[in-house]
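Listed here are the chains, written in short residue letters.
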Amino acid sequence: MNNRKEYKAIGKSVDRVDAFDKATGQARYGADYSLNGQLFGHVKYTDHPHAEIITIHTEKARSLSGVRAVLTHDDIPGKKSFGSVVPHQMVLCSDKVRYTGDVVAIVAAETLEIAEKACELITIDYKTLPIVDDPKTALTVDSPLVYPDGNLCRRHKVRKGDISEGFSQSDEIIERIYTTSKIEHAYIEPEAVLAEPGENGGITIIGSVQNLYTIRRAVAGVLGLPLNKVRIKQATLGGSFGGKDEAMGALCCRAAILALFSGKPVKMVNSRENSMRESYKRHPYRMEYKIGAKVNGKLQAIEVKMYADAGAYAAMSPFVTWRSVVHATGPYVVTNVQTDVYAAYTNNCYTGAMRGFGSPQVCFAIESLMDELAEKLGLDPLEFRMINILKDGSTTATGQILNHKVGLEQAIQNVTNKAGFKNKWQANRAIKSSGSIKSGIGIACSYRGISLGAEGTDAAGVVISIQTDGSVIVSTGLVDMGQGAGTTISLIVAEELGISIDKIRFLNADTSLVPDSGPTVASRTTFMAGNAARKGCSKLLERLNPIAANILNCSEPSLVFKDNHIINEKSDNKLAFADLTEACFRQGVSLITHGWYKSPVTSWDEETGQGDAYFTYVYGANLAEVEVDTKTGRVKVRNFVSSHDLGRVINRGGAKGQIYGGVAMGLGYALFESYTEEEGLPRLENFDEYLLPTSCDIPPVDIVFVENPDALGPYGAKSLGEPACEIAAPAIANAIANATGMRVRKLPLTLERVLLGKNLHRNDVRGSAKAQGENK
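What this report covers is the structure whose coordinates are included nearby. Here the structure is a predicted model, which is why all the values come from computation and not from measurement.

Rules and cut-offs
- Residues numbered from 1 in each chain as written.
- Predicted model: local features only at pLDDT ≥ 70, side-chain atom pairs only at ≥ 80, totals over all residues.
- Heavy atoms only, no water.
- Helix = DSSP H or I, 4+ residues; strand = E, 2+ residues; numbered from the N terminus.
- Buried < 20%, exposed > 50% of the residue type's maximum accessible area, 1.4 Å probe, protein only.
- Contact = heavy atoms within 4.5 Å.
- Areas by Shrake-Rupley, 256 points an atom, 1.4 Å probe, with all protein chains shown as cover.
- Lys, Arg positive; Asp, Glu negative; His and termini not counted.
- Charge placed at Lys NZ, Arg CZ, Asp CG, Glu CD.
- Arc of directions from axis to C-beta.
- Polar contact = N/O pair within 3.5 Å; in protein donor to acceptor, adjacent residues only side chain to side chain.
- Pairing = 2+ DSSP bridges.
- Right-handed = clockwise from strand over helix to strand, strands pointing away.
- Core = buried A, V, L, I, M, F, W, Y, C linked by side-chain atoms within 4.5 Å.
- Axes fitted to C-alpha atoms, helices over the stretch in contact; angles between N-to-C directions.
- Parallel < 35°, antiparallel > 145°, perpendicular 65-115°, else oblique.
- Left-handed = near helix turned anticlockwise from the far one by under 90°.
- Nonpolar A, V, L, I, M, F, W, Y, C, P; charged D, E, K, R; others polar.
- Salt bridge = Lys/Arg side-chain N within 4 Å of Asp/Glu carboxyl O.
- 1 Å grid on protein atoms, 1.4 Å probe; cavity = no way out; pocket = protein on both sides within 12 Å on 5 of 7 lines; lining within 4 Å.
- Points joined across faces, edges and corners; volume = space filled by probe spheres on them.
- Patch = residues over 30% accessible without salt bridge, like charges linked within 9 Å, V, L, I, M, F, W, Y side chains within 5 Å.

## A closer look at the overall build of the protein chain
- Helix and strand content of the protein chain: 20 helices and 31 strands.
- Taking the principal axes of the C-alpha coordinates as reference, the protein chain spans close to 85 × 80 × 50 Å.
- Counting over 776 residues, the protein chain shows a buried share of 61%.
- For the protein chain, the proportion of contacts with a sequence separation of at least 24, taken over those separated by at least 6, is 80%.
- Taken as a whole, the protein chain presents about 28,500 Å² of accessible surface, with 48% of it coming from carbon and sulfur.
- Separation of charge centres in the protein chain, based on 86 positive and 87 negative side chains, amounts to 3 Å.

See the structure below:
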């Protein structure tokens, strides 16, 4: 591998490899693909959020001119359900429906209009069932059952130390309840897929697919085919944020069934209304915290109970809530911990992976709680955090000793020093002006385990093919869904081979051409694919070096690959990279290979919640400055500072873009967004009713990178995509509290809640006897 300290490509800002195609309209998204003679697919949704299916009437739909297929669960050739963790997600419902996004029948027709009309003609006889729409209620003994064996989807726990002893040693104990909202991924491009019957009874699918291999397994199971007869190709994605996994899995399965049944290509594209109705959302949480500390500010104990709404299907809830249990106590040293996280089935829209994956919820709770406890102790939030934060060699809540450089203190100091936090925080509290505009400043910090950790096996591959003219083709099983992964991986290959990035073409993923690299989740692409790319390049250099040394008449250690040339350091003689690759071809040397990387071992004890949950962590801090109009409740974020220890910056422009986007997403989570349901029925259908931040809402964002290279990462790099968005909301919440003196514990921080200082859990906001009745 190229281990030079002075990098030619790494750490620079470069144009994205997909920028030209996207800017000029040449990029092809899922809905852009069509084939001659294709049919159009459409779905028949349930009429009820919870009901038994008695009879499905399809006769009128089948008789409509232009209809080529009307299918129900009886027509599925293989398994009727799928799911990576719990394989119970229905492709087409058979005995009952569990939420309003469930599909009972599908149609393929010559036009979309005919397919839509045919679905309207399908009628279903139901026996409606009682609805449960609250996760905590769902776990009570008298709750309606979503599944016969109960409503508990998954429980995780952490046990460390003696929680009773910890609270007995605490001088101050407070209890708080925080809740977060269900939110939509809000990607610009709705789900789209084109399924084409292939030779030998196979199927080829191209579309807006995030996790190709997961979906290939789902489609193969539903069709009753071996994996080698199912090919999934990634179209350019118009955003995902974790949202195009199970939702796309269901769409791909339905299109594939229609294609095989009709013998024609079938195209299915969700309208925005259908996308919002059916696609999974970020989990809403109810988080009950009890925390105790000494008068000197040292944390003694934290007890947590969390309830996550899984909705109708498990999807990624078991893994999302596992990350929550690992990070529930935040980036702090706590000797005594007892955490229980429950995911419960309800008749709401199901929930799954979304950027942050179980961390934004707990970050909002623990970082709000830290400010509240600091106030009780008479400490400022910065001082209190510095007493308790994780440092080099600290032990986490799960018993893991941090054996790497912990950059949390650096990140916190960066944001607070840059904005003058201490003086502003004190001044805002002291100001008693009669005006309605109040200023506030707030901070929040986090640590985050990277990649899959103890969730399961974690490995990835990258294919690198050097052409005879010196150009290079790179592909991987992980997906660039807009986050810039293609550029990052290309930069690593460019660095290793000593060529410019314009010599590299990065291909979209294709299950028939690249190895199964697991899902594109958990901010794992740079770390996993980056390491795999370096390993692949190392293999190629082993083949290139002897040929280059022979041509330049020197020893291999004298060779330096840079600037599209190979240079003999001792004589300055050089050889063009293209000439070397042509020479290799003439000598029969293969210049295609794949690099494979498997992550280090992790450990987890499900009974105690102890173990090395992740092989390394990233650290970050955010600071927000706000203005609150106490007459209207309007909140304006005026300034934002973000600092992250990401190990090593690979693409500086891309890294900044991740933070800008993460702040924008976190601001929406904090102030605007909520996908609301009542009795299992969504209360909105499109973006005209769903509040999203606009460019006018986004403040200036000052970015400070902390680079503590990690020994495990490519050039020391770790991750950034999800950490960038998980601590924006608590920083804003803490700033609002600093401005108004009122604490809002429910997201989003709407005008009404800010204006009234409204807390929907007033009766649950308790202080211990040791708090001497102060907590009101």
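## Some words on helix H11 (residues 381-388)
- When H11 is considered as a whole, its buried residues turn out to be Pro381, Leu382, Phe384, Arg385 and Asn388. Projected down its long axis, H11 shows its buried positions confined to an angular sector of 165°, all on one face.
- A distance of 2.9 Å separates the backbone nitrogen of leucine 382 from a side-chain oxygen at the start of H11, and that oxygen is part of aspartate 380.

## Overview of the sheet that holds strand E6 (residues 96-97)
- Spatial ordering of the open sheet is given by E6-E2-E8, a layout of three strands whose pairing is antiparallel. Two strands bound the open sheet, and with one partner strand each, they are E6 and strand E8 (123-128).
- Summarising the sheet, strand E2 (residues 51-57) and E8 pair through six bridges and their orientation is antiparallel. Opposite threonine 55, over in E8, you have aspartate 125 as the bridge partner.

## Focus: the pairing of strand E20 (residues 472-476)
- Summarising burial for E20: four of the five residues are buried, a large majority.
- Of the strand pairs in this sheet, strand E19 (residues 459-466) and E20 are connected by five bridges, and their pairing is antiparallel. Bridging from a neighbouring strand, isoleucine 466 pairs with valine 472 of E20.
- Taking the residues that link successive antiparallel strands as the turn, the E19-E20 hairpin has five residues, and the phi of glycine 470 there is positive, at about 90°.
- Sheet analysis places E20 next to strand E21 (residues 504-506), joined by three bridges and oriented parallel. In the strand pairing of E21, isoleucine 473 is matched with arginine 505.
- In this region the chain leaves E20, passes through helix H14 (residues 485-497) and returns to the parallel neighbour E21; the handedness of that crossover is right-handed.

## Some remarks on the nonpolar core
- Grouped together as the largest cluster of nonpolar side chains are 139 residues, with contacts concentrated most on Tyr289 and Ile732.
- It is helix H10 (residues 359-377) that contributes the most residues to this core, 10 residues altogether.
- By size, the runner-up hydrophobic cluster in this structure holds 50 residues, among which are Tyr7, Ile492, Phe615 and Tyr715.

## Brief notes about the packing of helix H17 (residues 652-671) against helix H19 (residues 728-740)
- Axis separation between H17 and H19 bottoms out at 7 Å; the angle between their running directions is 50°. Relative to H19, the element H17 is oriented oblique. Helix-helix and strand crossings are classified by hand; for H17 and H19 the assignment is right-handed. Contacts from Val663, Gly666, Leu667, Tyr669, Ala670 and Leu671 of H17 reach H19 at Ala728, Ala729, Ile732 and Ile736.
- Taken together, the residues of the contact of H17 with H19 break down into nine nonpolar, one polar and no charged.

## A word on unusual backbone geometry
- Here leucine 747 and proline 748 are connected by a cis peptide whose omega angle stands at -5°.
- Note that proline 748 resides in the loop between H19 and helix H20 (751-756).
- Backbone geometry places asparagine 200, a non-glycine residue, at a positive phi of 60°.
- One non-glycine residue, serine 523, adopts positive backbone phi at about 50°.
- Residue position: serine 523 is located in the loop between E21 and helix H15 (525-552).
- Taking relative accessible area as the criterion, serine 523 reaches 16% and is therefore assigned buried.

## Thoughts on the sheet that holds strand E3 (residues 67-71)
- The mixed open sheet is built from seven strands, whose spatial order is E3-E7-E1-E14-E11-E12-E13. Bordering the open sheet on either side are E3 and strand E13 (230-234), each of which pairs with just one other strand. On average, each strand axis in the sheet is inclined to that of its neighbour by 20°, with strand direction left out of account.
- Pairing of strand E12 (residues 203-207) with E13, which is carried by five bridges, proceeds in the parallel orientation. Paired with isoleucine 206 across the strands is lysine 233, a residue of E13.
- Running at roughly 25° to strand E1 (residues 39-45), helix H3 (residues 112-121) makes contact with E1, E3 and strand E7 (103-109) of the sheet.

## Section: the pattern of salt bridges
- Throughout the structure, instances matching the rule amount to 31 salt bridges.
- The residue arginine 176 makes a salt bridge to glutamate 372 at a minimum N-O spacing of 2.7 Å. With arginine 176 in strand E10 (residues 172-179) and glutamate 372 in helix H10, this residue pair connects regions lying 196 residues apart in the sequence.
- Among the residues examined, arginine 176 registers a relative accessible area of 3% and is labelled buried.
- Classification of glutamate 372 by relative accessible area gives buried; the value is 7%.

## Some points on the layout of surface pockets
- Each pocket or cavity is described by its volume, and for the second largest pocket that value is around 930 Å³.
- Every residue lining the second largest pocket is counted, 34 residues in all, and those nearest its centre are Asp21, Arg505, Phe506, Leu507 and Asn508.
- Counting residues per element, the ones that place at least two in the lining of the second largest pocket are helix H1 (19-24), E13, E20 and E21.
- It is H1 that provides the largest number of residues to the lining of the second largest pocket, a total of four residues.
- Looking at the lining of the second largest pocket residue by residue, the class counts come to 16 nonpolar, six polar and 12 charged.

## Side note on the packing of H14 against H15
- At a closest axis distance of 9 Å, the pairing of H14 and H15 adopts a crossing angle of 30°. With respect to H15, the element H14 is oriented roughly parallel. When you trace H14 past H15, the crossing you get is right-handed. Of H15, the residues touching H14 (which contributes Ala485, Thr488, Ile489, Ile492, Val493, Glu496 and Leu497) are Thr525, Thr526, Ala529, Gly530, Ala533, Arg534, Cys537 and Leu541.

## Considerations on the environment of aspartate 245
- Within the element layout of this structure, aspartate 245 appears in the loop between E13 and helix H7 (246-262).
- Under the relative-accessibility criterion, aspartate 245 is labelled buried at 5%.
- Through-space distance from the C-alpha of aspartate 245 to that of tryptophan 322 is 19 Å; in sequence the pair is 77 residues apart.
- Not counting residues within four places of it along the chain, the set of residues in contact with aspartate 245 comprises Asn211, Thr214, Ile215 and Tyr280.
- For aspartate 245, the side chain forms a polar contact with the side chain of asparagine 211, separated by 2.9 Å.

## Some words on a negative patch on the surface
- Judged by side-chain charge, Glu273, Glu685, Asp688 and Glu689 come together as a negatively charged surface patch.
- Structurally, the position occupied by glutamate 273 is in helix H8 (residues 272-278).
- Given the relative accessible area of 36%, glutamate 273 is considered partly exposed.

## As for the pairing of strand E25 (residues 592-598)
- Judged by which residues are buried, E25 turns out to be one-sided: Thr593, Gly595 and Tyr597 face inward and are buried, whereas Ile592, His594, Trp596 and Lys598, on the alternate face, are not.
- One ladder, built from seven bridges, connects E19 with E25; its direction is antiparallel. Residue pairing across strands places alanine 460 opposite tyrosine 597, the latter belonging to E25.

## Some points on the environment of isoleucine 466
- Among the secondary structure elements, isoleucine 466 is positioned in strand E19.
- With 132 residues separating them along the chain, isoleucine 466 and lysine 598 place their C-alpha atoms 24 Å apart.
- When sequence neighbours within four positions are dropped, the list of residues in contact with isoleucine 466 reads Ser471, Val472, Leu497, Leu540, Leu544, Phe577, Thr581 and Leu591.

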